[in-house]
Each structure stands twice: as C-alpha cells, then as structure tokens.
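A look at the structure
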Amino acid sequence: MIPVTPPKQYIHDHLISAIGSQKVSCLCLLDLSAAFDTTDHDILITRLSSWFGIRGSVLRWFKSYLSSRCFRVKCETDLSSWYISSCGVSQGTVLGPLLFVMYTTPLSTLISSCSLNHHLYADDTHLFPSFLPTHLDSSIDHLHNALDRISS
C-alpha cells in the first residue's frame, strides 16, 4: 500500500522545504462558489467518458442518476413546489463529491501545466508557489497569468 500524505502535511512539508531553500512562498486559496450546485451534467458525462473511460451501461446509469433529479425545500412546516434540477451534484451523498472531483479533474491538469504547486479538495483549491526573493515580480506575474487561465 502506498502511503498518502494528508493535504495539510503536504503543504506544510512543501513550505518548510522552501524556507530551508531560502525561498518565499505565496498561498492563494480559491473557493468555487456554489460549485456543487453548478456542475453541468452534460460536461460531467463527457468527462466521465473521455477522461475516465466510462462507457456503455455504466455511463447510461450515470446519465440516469443525474437526469430529472428533483427536490423541494422545507421550512418549518411549509414545503415548496418540486423543482427539477438541470445541473449540480448532491453534496450530501457518497457520489456527489466523487463526481465533482471527476468534473474538476481538468483543473489540476491546467494548474500543473502552469508549473504551480497545488492541492485540490472538492471545491477548495490551494496554490502555493515558492520562489527566490529575487524573482518576486516575475513569480507574481506568473501566478496572475495562471489565475487568469483558471478563471477562463
């Protein structure tokens, strides 16, 4: 079994190593607002197929699971009308967070292509580049460019 370093420990170890190398570190925390609620089902199905090789009856099961999901809200004794959800994954289920991570997989690839240290957990993204103090301006410009790419 391969040991997995917990996220906080991974970031901590990286920062300690950077300090030991006399580097400056920057921590940029990104939080996708309403991320679980805005997951596009068509994009998710495409990613399940193209990125993870899910096909056939399993892909059809996911399509069925995601389609025509409905909900209503209860406030004390009042119930709203039923609402059909055209996007989103349920956060309180076993599959919801897993599907969201699969949906955002290209984000990690994009950040890696920018050569930034990062950690993703559900809808939280941590960027933590380290650099020599003499490279401060160019490193911050690089981080801004990466944030522009992430945003788009």
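Here's what I pulled together on the structure shown here. (Residues numbered from 1 in each chain as written. Predicted model: local features only at pLDDT ≥ 70, side-chain atom pairs only at ≥ 80, totals over all residues. Heavy atoms only, no water.)

**A few points about the nonpolar core**
Looking at soluble globular proteins, one finds that nonpolar side chains tend to be buried together. Judged by nonpolar contacts, the single largest core of 15 residues is most densely connected at Leu 44, Leu 48, Phe 62, Val 89 and Leu 99. Elements with a minimum of two residues in this core: helix H2 (41-50), helix H3 (56-66) and helix H4 (95-103). Here the element with the most residues in this core is H4; it accounts for 5 residues. The residues touching Leu 99, leaving out its near neighbours within four places in the chain, are Leu 44, Leu 48, Phe 62, Tyr 65, Leu 66 and Val 89. Grouped together as the second largest cluster of nonpolar side chains are 10 residues, Cys 26, Cys 28, Cys 114 and Leu 127 included. (Core = buried A, V, L, I, M, F, W, Y, C linked by side-chain atoms within 4.5 Å. Buried < 20%, exposed > 50% of the residue type's maximum accessible area, 1.4 Å probe, protein only. Helix = DSSP H or I, 4+ residues; strand = E, 2+ residues; numbered from the N terminus. Contact = heavy atoms within 4.5 Å.)

**Digging into the packing of aromatic side chains**
Applying the stated criterion to the full structure yields 5 aromatic pairs. Both rings, one in Trp 61 and one in Tyr 65, keep their centres 5.4 Å apart while their planes meet at 15°; by these two values the pair is stacked. In this pair, Trp 61 and Tyr 65 are both assigned in helix H3, 4 residues apart and thus about one turn of the helix distant. Exposure remark for Trp 61: the relative accessible area of 47% places this residue in the partly exposed category. Geometrically, the ring pair formed by Phe 100 and Tyr 103 is tilted, given 6.3 Å between the ring centres and 35° between the ring planes. With Phe 100 and Tyr 103 both in helix H4 and 3 residues apart, this pair spans about one turn of that helix. Judged by its relative accessible area of 1%, Phe 100 falls in the buried class. An aromatic cluster of at least three residues, connected via ring pairs, comprises Trp 61, Phe 62 and Tyr 65. If you follow Arg 47 out to its NZ or CZ, it ends over the ring of Tyr 103, 5.2 Å from the centre. When the ring centre of Tyr 65 is taken as origin, the NZ or CZ atom of Arg 69, which lies over that ring, is 4.5 Å away. (Phe/Tyr/Trp six-rings, centres within 6.5 Å; stacked < 30°, edge-to-face > 60°. Lys NZ or Arg CZ within 6 Å of the ring centre and 35° of its normal.)

**Notes on unusual backbone geometry**
Non-glycine residue Gln 22 carries a positive phi angle of around 60°. For Gln 22, the location among the structural elements is in the loop between helix H1 (7-20) and strand E1 (24-25). You will see that Ser 115, though not glycine, has its phi angle at about 55°, which is positive. Positionally, Ser 115 belongs in the loop between helix H5 (105-113) and strand E7 (118-121).

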